[in-house]
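Chain by chain, the residues:
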There are 2 protein chains.
Amino acid sequence: MIDGAILVGAEQRQATTRFSGIDPSTGATLTPDFSSAGVDAVADAAALAEAAFVDYAATDLETRASFLEAIADAIVAIGDELIDRAVQESGLPRPRIEGERGRTVGQLRLFATVVRQGDWLDATIDPALPDRAPLPRPDLRRVNVAVGPVAVFGASNFPLAFSVAGGDTASALAAGCPVIVKGHPAHPGTGELVARAIASAVAKCGLPAGTFSYLPGDTNDLGGALVADPRIKAVGFTGSRGGGLALVKIASQRAEPIPVYAEMSSINPVILFPAALAARGDALASAFVQSLTMGAGQFCTNPGLVLAIDGPALDAFVTAAGAALSEVRPATMLTPGIHASYEKGVATLAQHGAVKTVARGCSTDGANQAVGALFDTDAAAFLADSALGHEVFGSSAVIVRCKDSAELTRVVAQLEGQLTATLHVDAGDHAEAAKLLPTLAGRVGRILANGWPTGVEVSHAMVHGGPFPATSDGRTTSVGTLAIYRFLRPVCFQNLPAELLPTAIGPDNAWNVARRIDGIREASPR
Amino acid sequence: MIDGAILVGAEQRQATTRFSGIDPSTGATLTPDFSSAGVDAVADAAALAEAAFVDYAATDLETRASFLEAIADAIVAIGDELIDRAVQESGLPRPRIEGERGRTVGQLRLFATVVRQGDWLDATIDPALPDRAPLPRPDLRRVNVAVGPVAVFGASNFPLAFSVAGGDTASALAAGCPVIVKGHPAHPGTGELVARAIASAVAKCGLPAGTFSYLPGDTNDLGGALVADPRIKAVGFTGSRGGGLALVKIASQRAEPIPVYAEMSSINPVILFPAALAARGDALASAFVQSLTMGAGQFCTNPGLVLAIDGPALDAFVTAAGAALSEVRPATMLTPGIHASYEKGVATLAQHGAVKTVARGCSTDGANQAVGALFDTDAAAFLADSALGHEVFGSSAVIVRCKDSAELTRVVAQLEGQLTATLHVDAGDHAEAAKLLPTLAGRVGRILANGWPTGVEVSHAMVHGGPFPATSDGRTTSVGTLAIYRFLRPVCFQNLPAELLPTAIGPDNAWNVARRIDGIREASPR
């Protein structure tokens, strides 16, 4: 059911201030309209979340894992209504949305297995050494605890997998934190359907009502009030650099500053090494254009920058990529705002004196259509104007011609922090690539070879993060199981009576978790 | 040798601007005088650190561990000159300084064992699944890498263990980060001796000169320039709330904001539960005063707040603690500035309308002497005036009388973040303590029972951290082996050719580290 409600725990409310979703493929306003949550709803949801925190954080591993699975089941149970609505609100093709649903429930279930296993507790025991000289050592035990209520800001470009029940929500709930989602106004119906699924799982599992709240809205004030609320202890965000930095600022100015995990901006350099470029430039050009234009280029990991050493092989790549792009049909972008930003970014590049337009995609008269754009410049120009390194969200990329590997290295060294860097290398390129890798590793969260950065696996080894401005906190990831650590902090217990110890570090290891004893960690349970 | 030099890598410089240390027990100026490093030295040290970073971060585990041990050896080899100078500059007793040297070299050696073991790399492998439907999974491998050059600000109160070669330096070097230490002006001779020991270990181990630099100085501008330098990627600090927050602000305003790990301010509540208080109030009073006055109270974990339910048992405790304190002889404080702040803080409490002075320590005419101070108030007054919860660095404590356990819980819930909380409990108190524990765990980094918070073990389970303002980043610790993670970030490698992979996640596990494969972590190597 979609009726535009705010969900403050188990309570449904309607606000008098309303907003509507639109179908970006037509520009048409969709029904029904939605409550625009105000500061009263923020305060009430935060109070409920705070009240829920101790009990939710104390749930045993099985209860919490089952809850995550119940959310997944409830999302699947919505059925076609969810898929239809998400397609309508996002302009994304149906197979993509179906795949995204699979990813969303898959990551909830993956976090359930992570919760059950218990490695994330980092249970650590330094046994007492009563006879140690000159001083005895007390019994010391450390465990990770949930930080408190978490505010989640969903992304426009993943209405399911990075939104109401997306990676931030899944990892925060897995960590034991109540979650308050600020719904993205680009997909309010999708958001409400998923929010109701989570709320139903909270009720089914008998958890405190404040474990989850959902605040739809289209104002910056709503998000600002949520981050400023003293009961919120961490923030997850995926979106623009401006939006992320605004939240970081609010969080840092609180009486108690809190961490903001904002995934913001990346142009994802692709480096074509000489041997690979010479051997398979045409294939690379075709695959590059496919990655660039997939989903109208609306991925954080979209390859927006190509670096290579100038020469005939690069000329051939540019020609082939331009030819491929010119045949790509336009695709509907997520919102009129995103489309307008894309058009503006492309126009700025097209008008830049040091930039040549290689090709555009097929033209169109449709609403909010992304027409692909490929530009060509040289390293001197790129190094001279940082604006050429700014993200243009959508299917736009800049090819930077470098004189030699030294100049290419200078370009890499000057790059801002990135989510990904891609190397196309053949065996003959490995020596040069090895030289570049340490510099790249200092700039990015994920380095991939002979593939494309779009398509982010949800797994244990994934890092979807990177130094600023890729994210506001390069020590972690927003995709994959490592994300749970964003919402945990360690607490040490010294000489506590056994009956007062948290279960994970208690004397009988009732949860059967792997513990580190005197510095030696046990293997994970299977 | 002490000659007042700045150490910019292997280069020794003298600055024309000079400052001097003093002997706080007499107020006398000590010789020689010292260079006050300027922004030129900051820039040169940062450039050297950046140049050293890739090579130092790439050192194998044995090389890096041996380097940490070489530093420890070099510190021990200084011998009595170090002890004499530290005693002279700090006013701390010789046995305390000797013990602190042991702790300093002990934690360097502990980090060497941590480095060798390699668990901190968090080597994680999700093997490729080429036949997975609908899409194959690539080979994904994740490893922790060093963040880059780290700035360390030593503490006045631990001239060895939290200073030039203290916990921040040890953990940053262990992580693979070059370190630039801003020397504390309270112990410049001690600092220089230790800095030369580290520089000698850098040379002995054949490491890049920029692996370590030492910038003595007594200006805030020096520290500000260091944190603002774009080549610095993280900051470790132990000191005042004002100092820490100033660095946090500078770091957040950089073009690339960086993490600041500032350990700042804590009053370390001690909660006397009814059964324990009734059974052993006198013994608790005596032990409390001993913890309060140890080292002139100049510990981050000094017990500055006592909470208990009002009644005859608490009356008896207060009387006994007052009597014990009145016999404690004063002790020299670290600096005239710290002494002046202590006197001011004590005077503010003494003049507070809702606060009664229970006792003062023995009076004195000596220079910079801390005379202990014990105050008594009630929960209503404490809840009404947040100033009563501000840290007074030194041997001053406030006892807060609560009407009942509900009021005590309200006091705990209103506390700012703390490094520690101490429970004195007997079996009959466990039920009440259990109720309070979740709230406490949300406020503090370490909870201890039936002991005293002073005395921080350097081990795997230790957390010397806590929510703001105890630290600027409550997700970690500045004491113990967990501190290494402050200076690491994860990087994922996708489908990289085997010869391009970092050793820790390479195909033959040449370092023999524990790896997490498909989510299942191996046991630590022994």
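Because the structure is predicted, anything quoted here is derived from the model rather than measured.

**Thoughts on the overall build of chain A**
And step 1. In terms of helices and strands, chain A carries 14 helices and 25 strands.
And step 2. Taken over the C-alpha trace, chain A has a radius of gyration of 24 Å; the compact-globule value for 526 residues is 24 Å, and the two agree within 12%.
And step 3. A principal-axis box enclosing the C-alpha atoms of chain A has dimensions of 75 × 65 × 40 Å.
And step 4. Looking at chain A as a whole, 62% of its 526 residues are labelled buried.
And step 5. Across chain A, contacts joining residues at least 24 apart in sequence account for 76% of those joining residues at least 6 apart.
And step 6. Of the accessible surface of chain A, which amounts to about 17,500 Å², a share of 55% is contributed by carbon and sulfur atoms.

**Quick word on the sheet that holds strand E24 (residues 516-517) of chain B**
And step 1. An order of E17(A)-E19(A)-E20(A)-E15(A)-E14(A)-E21(A)-E22(A)-E23(B)-E8(B)-E7(B)-E24(B)-E25(B) is seen for the twelve strands of this open sheet, with the pairing classed as mixed. Edge positions in the sheet fall to strand E17 (356-360) of chain A together with strand E25 (520-521) of chain B, since each has one partner strand and no second.
And step 2. The pairing of strand E8 (residues 140-146) of chain B with strand E23 (residues 488-494) of chain B spans seven bridges and is classified as antiparallel. Each bridged residue has a counterpart across the sheet, and for Asn-144 of chain B the counterpart in E23 of chain B is Pro-490 of chain B.
And step 3. Packed onto the sheet, helix H11 (residues 336-350) of chain A meets E17, strand E19 (373-378) and strand E20 (396-402) of chain A and runs at close to 35° relative to E19 of chain A.
And step 4. Across the sheet, helix H14 (residues 430-441) of chain A lies against strand E14 (269-272), strand E21 (418-424) and strand E22 (444-449) of chain A together with E23 of chain B, angled at about 155° from E22 of chain A, the strand it touches most.

**Considering the relation of the copies chain B and chain A**
And step 1. When chain B is fitted to chain A, the best match, at an RMSD of 0.0 Å, comes from turning it 180° and sliding it 0.0 Å along the axis. Within this description, the copies of the chain are treated as partners about a two-fold rotation axis. Relative to the rotation axis, the closest C-alpha in chain B is found at Ala-523 of chain B, a distance of 2.0 Å.
And step 2. Both copies share a contact surface, since 100% of the interface residues of chain B are interface residues in chain A too.

**A look at the interface of chain B and chain A**
And step 1. Taken residue by residue, the interface counts 66 residues in chain B and 66 residues in chain A.
And step 2. Interface of chain B and chain A: buried area, both sides summed, is about 5,600 Å²; carbon and sulfur atoms make up 58% of it.
And step 3. Contact with chain A buries surface across chain B, with Arg-475, Arg-489 and Leu-500 of chain B losing the most and accounting together for 12% of the total.
And step 4. Taken together, chain B and chain A are joined by six salt bridges.
And step 5. When the shortest N-O distance is used, the salt bridge between Arg-516 of chain A and Asp-119 of chain B registers 2.6 Å.
And step 6. Inspection of the region where chain B meets chain A yields 36 residue pairs in polar contact (both at pLDDT 80 or more).
And step 7. In terms of residues, the side of chain B that touches chain A owes the most to one element, E23 of chain B, which gives seven residues.
And step 8. Classifying every residue of the side of chain B that touches chain A gives 34 nonpolar, 13 polar and 19 charged.
And step 9. The sheet contact formed by strand E23 (residues 488-494) of chain A and strand E22 (residues 444-449) of chain B spans three bridges and is parallel.

**Structural notes on the sheet that holds strand E25 (residues 520-521) of chain A**
The strands that make up a sheet pair up through hydrogen bonds in the backbone, lying either parallel or antiparallel.
And step 1. With respect to topology, twelve strands assemble into an open sheet ordered E25(A)-E24(A)-E7(A)-E8(A)-E23(A)-E22(B)-E21(B)-E14(B)-E15(B)-E20(B)-E19(B)-E17(B), the strand pairing being mixed. Two strands lie at the open edges of the sheet, namely E25 of chain A together with strand E17 (356-360) of chain B, each paired on one side alone.
And step 2. Direction of pairing for strand E19 (residues 373-378) of chain B relative to strand E20 (residues 396-402) of chain B: parallel, over a ladder of six bridges. By the bridge assignment, Phe-375 of chain B is partnered in E20 of chain B with Val-398 of chain B.
And step 3. Here helix H13 (residues 405-414) of chain B sits on the sheet in contact with strand E14 (269-272), strand E15 (305-309) and E20 of chain B, set at roughly 155° to E15 of chain B.

**Some remarks on the nonpolar core**
And step 1. Core analysis: the biggest nonpolar cluster contains 222 residues, and Ile-447 of chain A together with Ile-447 of chain B have the highest contact counts within it.
And step 2. With residues near it in sequence (within four places) discarded, Ile-447 of chain B still touches Val-491, Cys-492, Phe-493, Gln-494 and Leu-496 of chain A together with Ala-421, Leu-423, Leu-437, Leu-440 and Ala-441 of chain B.

**Observations concerning unusual backbone geometry**
And step 1. Going from Thr-31 of chain A to Pro-32 of chain A, the amide bond is cis rather than trans, its omega being -5°.
And step 2. By the element assignment, Pro-32 of chain A lies in the loop between strand E5 (28-29) and strand E6 (34-35).
And step 3. Even without glycine at this site, Asn-368 of chain A takes up a positive phi of about 55°.
And step 4. Mapped onto the elements of the fold, Asn-368 of chain A is located in the loop between E17 and strand E18 (369-370).
And step 5. Positive phi outside glycine occurs at Asn-495 of chain B, with the angle close to 55°.
And step 6. Position of Asn-495 of chain B among the secondary structure elements: in the loop between E23 and E24.

**Some points on the domain arrangement of chain A**
Residue and element names in this part refer to chain A.
And step 1. What the domain assignment lists for chain A is domain 1 (6-12 + 41-264 + 476-486) and domain 2 (269-449).
And step 2. Each side of the interface is counted separately: domain 1 has 13 residues, and domain 2 has twelve residues.
And step 3. Approximately 910 Å² of surface area, both sides summed, lies buried where domain 1 meets domain 2, with 56% of it carried by carbon and sulfur atoms.
And step 4. Across the contact surface, domain 1 and domain 2 share one salt bridge.
And step 5. Among the salt bridges present, the one from Glu-416 reaches Arg-241, with a minimum N-O distance of 3.0 Å.
And step 6. For the side of domain 1 that touches domain 2, a count of residues per class yields four nonpolar, five polar and four charged.

**Some thoughts on the side chain of Ser-265 of chain A**
And step 1. Secondary-structure assignment places Ser-265 of chain A in the loop between strand E13 (260-263) and E14.
And step 2. Residue contacts for Ser-265 of chain A: discarding those within four places in its chain leaves Arg-241, Glu-391, Gly-417, Pro-469 and Ala-470 of chain A.

**Regarding the packing of helix H9 (residues 274-293) of chain A against helix H10 (residues 312-325) of chain A**
Residues and elements named next belong to chain A.
And step 1. Contact pair H9 / H10: the axes reach a minimum separation of 8 Å and the direction vectors enclose 35°. By crossing handedness, the relation of H9 to H10 is classed as right-handed. Between H9, through Leu-277, Ala-278, Gly-281, Asp-282, Leu-284, Ala-285, Phe-288, Val-289 and Thr-293, and H10, the contact on the second element is made entirely by Ala-313, Leu-314, Phe-317, Ala-320, Ala-321, Ala-324 and Leu-325.
And step 2. Split by residue class, the contact of H9 with H10 holds 13 nonpolar, two polar and one charged.

**What about the pairing of strand E8 (residues 140-146) of chain A?**
And step 1. Burial of E8 of chain A is extensive: seven of the seven residues sit out of reach of the surface.
And step 2. Of the two faces of E8 of chain A, both are covered, the one formed by Leu-140, Arg-142, Asn-144 and Ala-146 of chain A as well as the one formed by Arg-141, Val-143 and Val-145 of chain A.

**As for the pattern of salt bridges**
And step 1. Evaluation of the coordinates by the stated rule reveals 64 salt bridges over all chains.
And step 2. Of the charged contacts, one joins Arg-401 of chain A and Asp-310 of chain A as a salt bridge, the two residues approaching to 2.7 Å between their closest N and O atoms. Of the two residues, Arg-401 of chain A is situated in strand E20 and Asp-310 of chain A in the loop between strand E15 (305-309) and H10; the sequence distance between them amounts to 91 residues.
And step 3. By relative accessible area, Asp-310 of chain A is classed as partly exposed at 41%.
And step 4. A single salt-bridge network, built from bridges that share partners, covers Asp-119, Asp-122, Arg-142 and Arg-521 of chain A together with Arg-516 of chain B.

**Considering the packing of helix H13 (residues 405-414) of chain A against H14 of chain A**
Each pair of packed helices can be summarised by the angle the axes make with each other and by the distance between the axes.
All names here are of chain A.
And step 1. Here H13 crosses H14 at 20°, and the two axes come no closer than 10 Å. Comparing their axes, H14 and H13 come out roughly parallel. The handedness of the crossing between H13 and H14 comes out as right-handed. From H13, Ser-405, Leu-408, Thr-409, Val-412 and Ala-413 reach across to H14, where they touch Glu-432, Leu-436, Thr-439 and Leu-440.
And step 2. Its residues assigned to classes, the contact of H13 with H14 shows five nonpolar, three polar and one charged.

Thresholds applied
Sequence positions are assigned chain by chain, starting from 1 and proceeding in written order. Think of it this way: whatever chain is written first is A, whatever ligand is written first is 1, and the rest follow in order. Local features in a predicted model are, by the rule used here, given only for residues with pLDDT of at least 70; side-chain atom pairs are given and counted only at 80 or more, and totals for whole chains, interfaces and linings are based on all residues. Note that the side-chain values use all heavy atoms of the structure and ignore hydrogens as well as water. Secondary structure elements follow DSSP: runs of H or I no shorter than four residues count as helices, runs of E no shorter than two count as strands, and numbering proceeds from the N terminus. Every radius of gyration here is taken over C-alpha atoms, with the globule rule written as 2.2 Å times N^0.38, N being the number of residues. Think of it in three bands: with a 1.4 Å probe and only protein chains considered, a residue is buried below 20% of the maximum accessible area for its type, exposed above 50%, and partly exposed in between. Any two residues whose heavy atoms approach within 4.5 Å are treated as being in contact. For every accessible area listed, the method is Shrake-Rupley and the probe measures 1.4 Å; residues are considered covered only by the protein chains on display. By the convention used here, strands pair only if DSSP detects at least 2 bridges between them. Whenever a helix is involved, its axis is fitted only over the stretch in contact; in every case the axis is a line through C-alpha atoms, and angles between N-to-C directions fall within 0 to 180 degrees. Copies are brought into register by a least-squares superposition over C-alpha atoms of residues with pLDDT of at least 70 in both. Buried surface area refers to the total accessible area, computed with a probe of radius 1.4 Å, that the two partners give up upon joining, counted for both partners together. Salt bridge criterion: a side-chain nitrogen from Lys or Arg within 4 Å of a carboxyl oxygen from Asp or Glu. A 3.5 Å cut-off defines polar contacts: any pair of N or O atoms within that distance qualifies, except that in protein one atom must be a possible hydrogen donor and the other a possible acceptor, and neighbouring residues in sequence count only when both atoms are side-chain atoms. Side-chain classes are defined by residue name, with Ala, Val, Leu, Ile, Met, Phe, Trp, Tyr, Cys and Pro counting as nonpolar, Asp, Glu, Lys and Arg as charged, and the others, Gly among them, as polar. Only buried residues count toward a nonpolar core. Its members are Ala, Val, Leu, Ile, Met, Phe, Trp, Tyr and Cys residues joined through side-chain atoms within 4.5 Å. Per the annotation, domain bounds derive from an automatic or database assignment of domains. Here a crossing is called left-handed whenever its near helix is offset anticlockwise from the far helix by less than a right angle, and right-handed whenever the offset is clockwise. Any angle from 65 to 115 degrees is called roughly perpendicular, while one under 35 is roughly parallel, one over 145 is roughly antiparallel, and all others are oblique.

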